[in-house]
Amino acid sequence: MDAQQQDSTAHIWLPQYYRENFFSNDSLYHPELSGHVGVAGDPVPYTLRGDNLVTSILLLSFILFVVAFSGSKSFIRRQFKELIFIPHTDDYIRETSSEIRFMLFLVVLTCLLMAFLGYQYVVTNIADTFILDSQYQLLGILFALLVGYFLAKFLFYTIVNNIFFDGKRNGQWMRSLVFITSLEGIALYPAVLLQVYRDMSVQNVVFYFVFVLILTKILTFYKSWVIFFRHNVFFLQNILYFCALEIVPLLVFSALALTIVDHLKVIF
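Let us look at the structure shown here. (Residues numbered from 1 in each chain as written. Predicted model: local features only at pLDDT ≥ 70, side-chain atom pairs only at ≥ 80, totals over all residues. Heavy atoms only, no water.)

Quick look at the pattern of salt bridges
Our working definition: By salt bridge we mean one thing: a side-chain nitrogen of Lys or Arg within 4 Å of a carboxyl oxygen of Asp or Glu. Strands are runs of DSSP state E lasting at least two residues, helices are runs of H or I lasting at least four, and both sets are numbered from the N terminus onward. Only protein chains enter the accessibility calculation, which uses a 1.4 Å probe. A residue is then buried if its area is under 20% of the maximum for its type, exposed if over 50%, and partly exposed in between.
Scanning the model with the defined rule gives 4 salt bridges in all. The partner of Lys153 in a salt bridge is Glu246, and the shortest N-O contact between them spans 3.1 Å. Here Glu246 lies in helix 9 (residues 236–264) and Lys153 lies in helix 6 (residues 135–164), a separation of 93 residues in the sequence. Of the two residues examined, Lys153 and Glu246, each falls in the buried class.

Take a look at the structure:
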């Protein structure tokens, strides 16, 4: 009976003045007539922390590093020993293919981590708007510049060393140089994590990066002296060698990277 009463009351005729009022045709009273009304909010700014692809890359890099490190402990200990101590013999153990792949992976990881740090520095201190379709393009450009820088530096070392030194010392030097570059990437990994996920200030990251950079340059200078110039009376040759093949390429790369970023940013 109640259901019948509800059906009967649903069809009760009402006069027009009961069914209409002053706001009947107003969009605020009927929002479906004109869509949403209001002011659009500011979009959430892009951050590396909120990027799933960046998180996946960092996580995958960490997993690959742990897996590769577990199988290369003896190789890393041997490289540390050769890096710190002065060898008393010219004999050395050749690396296996897996150890070479591990070193190349660490060099690529170093370039990737430096690209992340460079991106954070650029969007914080230089500009946050670029003539690019996505943030990935800027990251890709920085990564490509870093890969080109390390390839060019290794090529310059190979050309110069093949002219002035023998092949055994050249091989020893290239192994040490790649290992130092790998250590640089390992040292920068905590800084990337702290900046991306813990909002570490760019200023502190710059100080940490400069400290790591100076430390790696000192190791490079020391290793070049041990391999090439420790039997030479003139210490100035090692300084000239280091400045020409280490400092000058770094300055050229820095100027080139800043110039490219300056041309990519949007000037209002």
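Some thoughts on a nonpolar patch on the surface
Formally: Every patch collects residues that have over 30% relative accessible area and no salt bridge, joining them within 9 Å if they carry like charges and within 5 Å if they are nonpolar side chains (Val, Leu, Ile, Met, Phe, Trp, Tyr). Note on areas: these come from Shrake-Rupley sampling with a 1.4 Å probe, and a residue is covered only by the protein chains present in the view.
Taken together, the side chains of Tyr121, Val206, Phe207, Val210, Ile214 and Ile218 make up a nonpolar region of the molecular surface, amounting to roughly 540 Å² of accessible area. The element that contributes the greatest number of residues to the nonpolar patch is helix 8 (residues 202–229), accounting for 5 residues. If you trace the backbone, Tyr121 turns up in helix 5 (residues 97–125).

Observations regarding the layout of surface pockets
How we decide: For cavity detection a 1 Å grid was placed over the protein atoms alone, and a set of points counts as a cavity when a 1.4 Å probe fits there but cannot get out; an open set counts as a pocket when protein lies on both sides within 12 Å along at least five of seven lines, with lining residues being those that have an atom within 4 Å of a point. Grid points are joined across faces, edges and corners, and a volume is the space filled by probe spheres set on the points.
Each pocket or cavity is described by its volume, and for the largest pocket that value is around 730 Å³. Breaking the lining of the largest pocket down by element, the ones donating at least two residues are helix 5, helix 6, helix 7 (167–197), helix 8 and helix 9. Top contributing element to the lining of the largest pocket by residue count: helix 8, with 9 residues.

Quick look at the nonpolar core
Formally: Put simply, a nonpolar core is a bunch of buried Ala, Val, Leu, Ile, Met, Phe, Trp, Tyr and Cys residues held in one set by side-chain atoms that sit within 4.5 Å of each other. In this description, contact between two residues means that some pair of their heavy atoms is separated by no more than 4.5 Å.
Formed by 55 residues in total, the largest nonpolar core has its most connected members in Phe116 and Tyr241. Looking at this core, the elements that each hand over two or more residues are helix 3 (52–70), helix 4 (73–84), helix 5, helix 6, helix 7, helix 8 and helix 9. Sort the elements by how many residues they give to this core and helix 5 lands first, with 14 residues. Beyond its immediate sequence surroundings of up to four residues, Phe116 is in contact with Leu48, Val54, Leu58, Leu139 and Val192.

Focus on the packing of helix 6 against helix 7
If you want to describe how two helices pack, look at the angle between their axes and the distance between the axes. Applied cut-off: The axes are straight lines fitted to the C-alpha atoms, using for helices just the contacting stretch, and the angles between their N-to-C directions are given from 0 to 180°. Each angle is binned into one of four classes, with values under 35 degrees roughly parallel, values over 145 roughly antiparallel, values of 65 to 115 roughly perpendicular, and all other values oblique. Crossing chirality is assigned from the near helix's rotation relative to the far helix, an anticlockwise turn below a right angle marking it left-handed and a clockwise turn marking it right-handed. Under the scheme applied here, ten amino acids are nonpolar (Ala, Val, Leu, Ile, Met, Phe, Trp, Tyr, Cys and Pro), four are charged (Asp, Glu, Lys and Arg), and all others, including Gly, are polar.
At a minimum axis distance of 11 Å, the contact between helix 6 and helix 7 shows a crossing angle of 160°. Put simply, helix 6 runs roughly antiparallel to helix 7. Remark: the crossing between helix 6 and helix 7 carries right-handed chirality. In contact with Phe150, Phe154, Tyr157, Thr158, Asn161 and Asn162 of helix 6, helix 7 contributes Asn170, Trp173, Met174, Leu177, Val178 and Thr181. Of the residues that constitute the contact of helix 6 with helix 7, the class distribution is 7 nonpolar, 5 polar and no charged.

Some thoughts on the environment of Trp173
As for its placement among the helices and strands, Trp173 is situated in helix 7. Separated by 54 residues in sequence, Trp173 and Ile227 have C-alpha atoms that sit 6.8 Å apart. Not counting the four nearest positions on each side in its chain, Trp173 is found in contact with Tyr157, Asn161, Thr220, Lys223, Ser224, Ile227, Phe228 and Tyr241.

Examining the side chain of Lys153
Given the relative accessible area of 3%, Lys153 is considered buried. Those residues in contact with Lys153, other than ones at most four positions away along the chain, are Lys217, Leu245 and Glu246.

Remarks on unusual backbone geometry
Although it is not a glycine, Asp199 adopts a positive phi angle of roughly 55°. Tracing the chain through its elements places Asp199 in the loop between helix 7 and helix 8.

Some remarks on the packing of aromatic side chains
Aromatic ring pairs: the centre-centre distance and the angle between the two ring planes describe each pair. Rules: Two rings belonging to Phe, Tyr or Trp (six-membered ring only in the last case) form a pair when the distance between their centres is within 6.5 Å. Interplanar angles under 30 degrees mark stacking, angles over 60 mark edge-to-face geometry, and anything in between is tilted.
Summed over all chains, the structure comprises 18 aromatic pairs. Arranged with centres 6.4 Å apart and planes meeting at 35°, the rings of Tyr222 and Trp225 form a pair that is tilted. In this pair, Tyr222 and Trp225 both sit in helix 8, 3 residues apart, roughly one turn of the helix. By relative accessible area, Trp225 is classed as partly exposed at 27%. Here the aromatic rings of Phe228 and Phe229 are separated by 6.2 Å at their centres, their planes lie at 70°, and the arrangement is edge-to-face. Ring pairs connect the aromatic residues Tyr157, Phe165, Trp173, Phe228, Phe229 and Tyr241, which therefore count as one cluster.

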